[in-house]
Amino acid sequence: MAIVNWGILSTAKIAQKELIPAFLRSTNAKVTAIATGSGIERAQQVAQKFSIEKAYDNNNALLEDSSIDAVYIPLPNHLHKKWVIEAAKKRKHILCEKPAALTANEVIEMKEACEQNGVIFMEGFMYQFHPQHERVRQIIDSGEIGEISYMRASFSFLLANKENTIKMNDQGGGCIYDIGCYPIHSIRNILREEPTHIQTQAKYDETYKVDTDVYTYMEFASGRRAVFDASFNQMRRSEYEVVGTEGRVIVPRAYRPDWNGGDGLVIVEKSGISRTETLNADQYRNQIEVISAAILDGKIKSELSFDNTFANMHVIDACFKSMKSGKLVQL
Ligand SMILES: NC(=O)C1=CN([C@@H]2O[C@H](COP(=O)(O)OP(=O)(O)OC[C@H]3O[C@@H](n4cnc5c(N)ncnc54)[C@H](OP(=O)(O)O)[C@@H]3O)[C@@H](O)[C@H]2O)C=CC1
Ligand SMILES: O=C1CO[C@H](CO)[C@@H](O)[C@@H]1O
């Protein structure tokens with residue numbers, strides 16, 4: 001079977017904790033090189049830990065390596081645009097961590113660079129590669145819970161130590177970028193509709209200059225409504241609920257089912273009776289196998305690439321606009 005050779009731009013925590021192990025479990029991808037800005041010893045140490053062939057002390061050197069087909073970018077959010085464009089210029093296909101950019105305008109520039117250089121791009125919303133979401137869409141489409149009028153989504157965890165983390169960086173940090181982007185993505189992709197109006201309120205940390213808790217209300221042209229919340233100051237929650245005229249579907253492990261060994265749950269409640277379906281999957285490995293297959297195939301579905309990334313960033317832009325004005329914003 002054909003294999004895609006991947007390089008990794010940084011020794012980020014997420015790369016070491018989830019992605020590199022997932023690359024090792026995948027069938028059509030191999031990590032061949034890793035680069036760091038923290039000195040060659042650091043790159044060599046991580047390379048040795050995961051049996052990665054080559055270590056570089058800067059991203060450009062890795063991008064010059066002609067044996068690398070694709071790069072995974074787990075850099076801080078404000079560096080995503082720069083390194084997506086640099087990687088595209090070197091004709092590397094790209095898996096970039098979420099959020100892929102800081103604004104929808106940045107996404108336009110990134111798309112142009114990828115298209116001009118004929119490279120495939122995907123934003124790393126790994127949760128969508130767990131089959132529980134396809135099951136939710138099937139249940140909705142079957143009519144079992146009636147006409148859908150409302151969706152609610154939440155993602156939170158306790159960020160106990162707010163010092164020295166990119167999550168609190170005044171450039172690209174804050175909870176909308178870090179975790180709010182997931183409820184937005186799932187609301188848009190489960191309802192298969194873009195919001196027309198948004199209102200966001202946030203708790204803002206004056207020391208770090210970032211949002212730490214957000215509450216957002218959304219309206220859709222169909223008349224549907226949605227709300228989401230995200231927080232760095234609450235217990236771990238990663239869930240959504242879709243409500244119809246006849247019943248509802250609850251997904252209590254929506255974004256991080258890996259916190260429960262990959263077991264996703266789809267709970268259907270109707271006429272006072274509840275049924276639970278358990279689906280197990282390795283969403284990080286699936287994500288890598290999907291983009292590697294797209295690279296080998298030479299094409300990627302538009303809903304996995306820039307169309308979806310742009311639409312998600314457009315909503316994030318509106319959340320920030322509403323947060324600042326305190327008003328309902330029209331998209
Ligand atoms: N999909 C998922 O489940 C998750 C995704 N993420 C996303 O992954 C990305 C990385 O997050 P995370 O692993 O927490 O980040 P880390 O802070 O652990 O890593 C970021 C790495 O980027 C490099 N870097 C380069 N420039 C800077 C800079 N100016 N400041 C800090 N680091 C710099 C460093 O690597 P080096 O020293 O090697 O140069 C650093 O280790 C983010 O986009 C985040 O949103 C995060 C967590 C989970
Ligand atoms: O993308 C992400 C997924 O889950 C994490 C929660 O542990 C987030 O902090 C992170 O950035």
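Residues numbered from 1 in each chain as written. Chains lettered and ligands numbered in written order. Predicted model: local features only at pLDDT ≥ 70, side-chain atom pairs only at ≥ 80, totals over all residues.

**Quick word on the overall build of the protein chain**
As a reminder, the rule being used: Put simply, DSSP marks the helices as runs of H or I at least four residues long and the strands as runs of E at least two long, and each gets a number from the N terminus on. Here the globule rule is a power law, 2.2 Å times the number of residues to the power 0.38, and the radius of gyration is based on C-alpha atoms. Burial in this document is a count-based property: other C-beta atoms within 10 Å of a residue's C-beta are tallied, and the residue is buried at 20 or more, exposed at 12 or fewer, or partly exposed in between, with C-beta positions derived from the backbone. For the purpose of contact definition, each residue receives a C-beta atom placed from its backbone, and two residues are in contact when these atoms lie within 7 Å.
Along the protein chain, the regular secondary structure elements total nine helices and 15 strands. Here the protein chain has a C-alpha radius of gyration of 20 Å; the compact-globule value for 331 residues is 20 Å, and the two agree. Its C-alpha atoms give the protein chain principal-axis dimensions of about 60 × 45 × 40 Å. The buried share of the protein chain, taken over its 331 residues, is 46%. A separation threshold of at least 6 residues defines the contact pool for the protein chain, and within that pool the share at least 24 residues apart is 69%.

**Quick word on the pairing of strand S10 (residues 225-231)**
Which entries qualify depends on this criterion: Strand pairing is assigned whenever DSSP detects at least two bridges linking the two strands.
In terms of residue burial, S10 counts as a mostly covered element, since five of its seven residues are buried. Pairing geometry for strand S7 (residues 148-158) and S10, over seven bridges, is parallel. Within S10, the position partnered with Tyr150 by the bridge is Arg225. Linking strand S9 (residues 210-220) back to S10 in an antiparallel pair, the connection comprises four residues, with Gly223 at a positive phi of about 100°.

**Description of the sheet that holds strand S3 (residues 54-56)**
Within a sheet, each strand pairs with its neighbour through backbone hydrogen bonds, oriented either parallel or antiparallel. Filter applied, for reference: Axis definition: a line fit to C-alpha positions, over the contact stretch in the case of helices; interaxial angles, taken between N-to-C directions, run 0 to 180 degrees.
The strand order across the open sheet formed by six strands is S3-S2-S1-S4-S5-S6, and the pairing between neighbours is parallel. Either end of the sheet is taken by a strand with one partner, and the two such strands are S3 and strand S6 (121-124). The average angle at which neighbouring strand axes cross in this sheet is 25°, direction not considered. Sheet topology note: the strand S2 (residues 29-35)/S3 ladder contains three bridges and is parallel. Paired with Ala35 across the strands is Tyr56, a residue of S3. The strands that helix H2 (residues 40-49) touches are S2 and S3; relative to S3, the one it contacts most, it runs at about 155°.

**What to know about the domain arrangement of the protein chain**
For clarity, the threshold we go by: Domain delimitation in this document rests on an assignment produced automatically or drawn from a domain database. Under the grouping applied here, Gly and all other residues not named as nonpolar or charged are polar, the nonpolar ones being Ala, Val, Leu, Ile, Met, Phe, Trp, Tyr, Cys and Pro and the charged ones Asp, Glu, Lys and Arg.
Looking at the assigned domains, one finds that the protein chain contains domain 1 (4-124) and domain 2 (128-280 + 314-330). Taken together, the contact between domain 1 and domain 2 spans eight residues of the former and nine residues of the latter. Taken together, the residues of the side of domain 1 that touches domain 2 break down into four nonpolar, three polar and one charged.

**So, the site of ligand 2**
How we decide: To decide nearness, the C-beta atom of each residue is placed from the backbone, and the residue is near a molecule or strand if that atom lies within 6 Å of it.
Every residue lining ligand 2 is accounted for by Lys98, Phe157, Asp178, Ile179 and Arg256. Taken together, the residues of the shell around ligand 2 sort by class into two nonpolar, no polar and three charged.

**What about the packing of helix H7 (residues 175-191) against helix H9 (residues 306-325)?**
Worth spelling out the cut-off: Any angle that is under 35 degrees is reported as roughly parallel, and any over 145 degrees as roughly antiparallel; angles of 65 to 115 degrees are reported as roughly perpendicular and all others as oblique. Put simply, a crossing is left-handed when the front helix is turned counterclockwise from the back one by less than a right angle, and right-handed when it is turned clockwise.
Closest axis-to-axis distance for the H7/H9 pair is 10 Å, and the angle between their directions is 120°. In terms of orientation, H7 and H9 fall into the oblique class. The hand of the H7/H9 crossing is right-handed. Residues Ile176, Cys181, Ile184, His185 and Arg188 of H7 pack against Ala311, Asn312, Val315, Ile316 and Cys319 of H9. Of the residues in the contact of H7 with H9, the class split is seven nonpolar, two polar and one charged.

**A short note on the site of ligand 1**
Near ligand 1, the surroundings consist of 20 residues, among which Thr11, Ala12, Lys13, Thr36 and Ser38 are the closest. Per-element accounting of the shell around ligand 1 gives the leading share, three residues, to helix H1 (residues 13-25).

**With respect to the environment of Gly244**
One can find Gly244 in strand S11 (residues 233-244). Gly244 sits in the partly exposed class, given 18 other C-beta atoms within 10 Å. The spatial distance from the C-alpha of Gly244 to the C-alpha of Ala230 is 23 Å, given a sequence separation of 14 residues. Each residue touching Gly244, except ones within four places of it in the same chain, is listed here: Ile145, Gly146, Glu147, Ile148 and Ser149.

**Overview of the pairing of strand S8 (residues 195-205)**
In regular strands, side chains alternate between the two faces of the sheet. Across ten bridges, S8 lies against S9 in antiparallel orientation. Bridge assignment links Tyr204 to a residue of S9, and that residue is Asp211. Sheet analysis places S8 next to strand S15 (residues 329-330), joined by two bridges and oriented antiparallel. Note that in S15 the partner of Ile198 across the bridge is Val329.

**Some words on the packing of H1 against helix H8 (residues 283-297)**
Running from N to C, H1 and H8 point in directions that differ by 65°, and their axes come no closer than 8 Å. On the basis of the axis angle, H1 is roughly perpendicular to H8. The way H1 lies across H8 gives a crossing that is right-handed. Facing H1, whose interface residues are Glu18, Leu19, Ala22, Phe23 and Arg25, H8 presents Tyr284, Arg285 and Ile288. Of the residues contributing to the contact of H1 with H8, the split by class is five nonpolar, no polar and three charged.

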